[in-house]
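Descriptive analysis of the structure
Now for the letters of each chain:
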Amino acid sequence: MEEAFLTARQWLEYGFVRLAMTLLKLMPGSWARGLAAAAARAVYRLGGKRVAYVETNLRLAFPDLEAAQRSRIGRESYVNLAWNAVDVARAEFWTGPELLERVELVGLEHVEAALARGHGILAFPPHLGSFEIGLRAAAAASLPVTVVGRPLRNPKVRARVNRTRTSTGAELIEHRNVAPRMLRALRSGRLVVAMIDQYATRSRGIMVPLFGLRCSTSPGPATLALRSGAALMPAYALRLGPERHRITFLPPLELERTGDQGKDVERGTAACNAALEA
């Protein structure tokens, strides 16, 4: 029913996404990545509000680097974002075995030990590397993955992305009133994945350190881990080369339970940020 009320702009957006994904799949991988990198660097050179955000954040995080070094990091982060889009397009119909041929999973012993405790895992990878590929590969490896994702505004694009995200067995929780559903998933012994490395509104976040500054950060993962007994596990994705990736699961964080819930959540959230910073 929702699709019946698409605007002309949304139909055009969906048409562009379909065309772009088809072209990226049909052309050789080296061509697709080269085209994506050139486009990303051109967009970065144009500047604008988003590029200004990137360079401001890099200046705050790495004040000792020269401006040219920070600009290079920012520009190449745009390239990696573009390569992520290429990954999503080219891997849309990869099967589980095809994903596992291309993705190395490291630290599964930490996942298995934490799941054996029976309280689930709350993993919090950053927006680093090809995390979309990594989540699908983890599900393909028979891990009980539940992904928390922000819903895209365009219903047609959202439906296509969600089909891909769940194609290897992952469950999806869209980012509306998610805490009760996350808690149920943890209590059923699942590996719940939520990304918290984006600025939280001051009404919802708490101020904890990141790169030497106090940043408004979502306390959700620490709160749910303390409440449920779930393991709070850092994880990250890295691109090793063309269509080659590594997903690393690290040992769970040690959370203090002093009886002061506010302080325990604050310390747990600060520990999450320290893990992301590392």
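Residues numbered from 1 in each chain as written. Predicted model: local features only at pLDDT ≥ 70, side-chain atom pairs only at ≥ 80, totals over all residues. Heavy atoms only, no water.

As for the environment of Leu24
Keep this limit in mind: Secondary structure elements follow DSSP: runs of H or I no shorter than four residues count as helices, runs of E no shorter than two count as strands, and numbering proceeds from the N terminus. Contacts between residues were defined by any pair of non-hydrogen atoms, one from each residue, lying within 4.5 Å.
Looking at the secondary structure, you find Leu24 in helix H1 (residues 8-26). The spacing of Leu24 and Ala114 is 90 residues in sequence and 39 Å in space, taken between C-alpha atoms. Every residue in contact with Leu24, bar those within four places of it in the chain, is listed here: Ala32, Ala85, Val86, Ala89 and Arg90.

Considerations on unusual backbone geometry
Most peptide bonds adopt trans geometry, and most residues besides glycine take a negative phi value. Despite not being glycine, Phe211 has its phi angle at roughly 50°, a positive value. Along the chain, Phe211 falls in the loop between strand S6 (206-210) and strand S7 (213-217). Of note in the backbone geometry, Glu243 takes a positive phi value of approximately 55° without being a glycine. Structurally, Glu243 is set in the loop between strand S9 (235-241) and strand S10 (244-249).

Quick notes on the nonpolar core
Where a protein is soluble and globular, its nonpolar side chains tend to be buried together. Put simply, the test is: Nonpolar cores are built from buried Ala, Val, Leu, Ile, Met, Phe, Trp, Tyr and Cys residues. Side-chain atoms within 4.5 Å join them into one set. Burial classes: relative accessible area under 20% of the type maximum marks a residue as buried, over 50% as exposed, and values in between as partly exposed (1.4 Å probe, protein chains only).
Ile121, Leu143, Val145, Leu191 and Phe249 are the most contacted members of the largest nonpolar core, which has 26 residues in total. Sequence-distant contacts of Val145, that is, excluding residues within four places in its chain, are made with Ala138, Ala139, Ala170, Glu171, Arg190, Leu191 and Val193. Val148, Ala194, Ala225 and Leu226 belong to the second-largest nonpolar core, a separate cluster that totals 21 residues.

Here we look at the packing of helix H2 (residues 29-46) against helix H4 (residues 67-90)
Where we set the bar: Between N-to-C directions, angles cover 0 to 180 degrees, with each direction set by a line fitted to C-alpha atoms, over the stretch in contact for helices. Orientation labels follow simple angle bins: below 35 degrees gives roughly parallel, above 145 gives roughly antiparallel, 65 to 115 gives roughly perpendicular, and whatever is left gives oblique. It is the rotation of the near helix from the far one that decides the hand of a crossing: anticlockwise by less than a right angle makes it left-handed, clockwise makes it right-handed. Here the nonpolar group is Ala, Val, Leu, Ile, Met, Phe, Trp, Tyr, Cys and Pro; Asp, Glu, Lys and Arg are the charged ones; every other residue, Gly included, is treated as polar.
Look at H2 against H4: their axes get within 8 Å of each other, and the N-to-C directions meet at 140°. The angle between the axes of H2 and H4 places the two elements in the oblique class. Every pair of crossing elements has a handedness; the one defined by H2 and H4 is right-handed. Between H2 and H4, the residues in contact are Gly29, Ala32, Arg33, Ala36, Ala37, Ala40, Arg41, Val43 and Tyr44 and Ser71, Gly74, Arg75, Glu76, Tyr78, Val79, Ala82, Trp83, Val86 and Arg90, respectively. Here the residues of the contact of H2 with H4 are counted per class, giving 11 nonpolar, three polar and five charged.

What to know about the pattern of salt bridges
A side chain of one charge can pair with a side chain of the opposite charge when the charged atoms of the two come close. Operational definition: Salt bridges are counted wherever a side-chain nitrogen of Lys or Arg sits within 4 Å of a carboxyl oxygen of Asp or Glu.
Overall, the coordinates contain 15 salt bridges when judged by the stated rule. A salt bridge links Arg158 to Glu174; its shortest N-O distance comes to 3.8 Å. Residue Arg158 is found in helix H8 (residues 155-165), and its partner Glu174 is found in strand S4 (residues 171-174); the two are separated by 16 residues along the sequence. Looking at Arg158, the relative accessible area reads 11%, which means it is buried. Bridged by salt links that share partners, the residues Lys25, Glu92 and Arg160 form one connected network.

A look at a nonpolar patch on the surface
Just so we agree on the cut-off: Put simply, a patch holds well-exposed residues, over 30% relative accessible area, that have no salt bridge, with like charges counted together within 9 Å and Val, Leu, Ile, Met, Phe, Trp or Tyr side chains within 5 Å. Accessible areas in this description were obtained via Shrake-Rupley with a 1.4 Å probe; residue shielding takes into account the shown protein chains only.
On the surface, Leu128, Leu238 and Leu240 cluster together into a nonpolar patch covering about 230 Å² of accessible area. Along the chain, the position of Leu240 falls in strand S9.

Considerations on the environment of Leu108
By the element assignment, Leu108 lies in helix H6 (residues 108-116). Leu108 sits in the partly exposed class, given a relative accessible area of 24%. Separated by 62 residues in the primary sequence, Leu108 and Ala170 have C-alpha atoms spaced 17 Å apart. If sequence neighbours within four positions are ignored, Leu108 has contacts with Leu143 and Phe249.

Observations regarding the sheet that holds S9
What counts here: Paired strands, as defined in this entry, are two strands with at least two bridges between them according to DSSP.
One open sheet accounts for three strands, arranged S1-S10-S9; its pairing is mixed. Two strands in the sheet have a free side with no partner beyond their single neighbour: strand S1 (103-106) and S9. Strand-to-strand twist of the sheet, defined as the mean angle between neighbouring strand axes without regard to direction, takes the value 20°. Sheet topology note: the S9/S10 ladder contains six bridges and is antiparallel. What sits directly across from Ala237, in S10, is Ile247.

Things to note about the side chain of His245
Of note, His245 is situated in strand S10. Assessed through its relative accessible area of 3%, His245 is described here as buried. For His245, the contacting residues outside a window of four places in its chain are Asp87, Arg102, Val103, Glu104, Ser130, Ile133, Leu238, Arg239 and Leu240.

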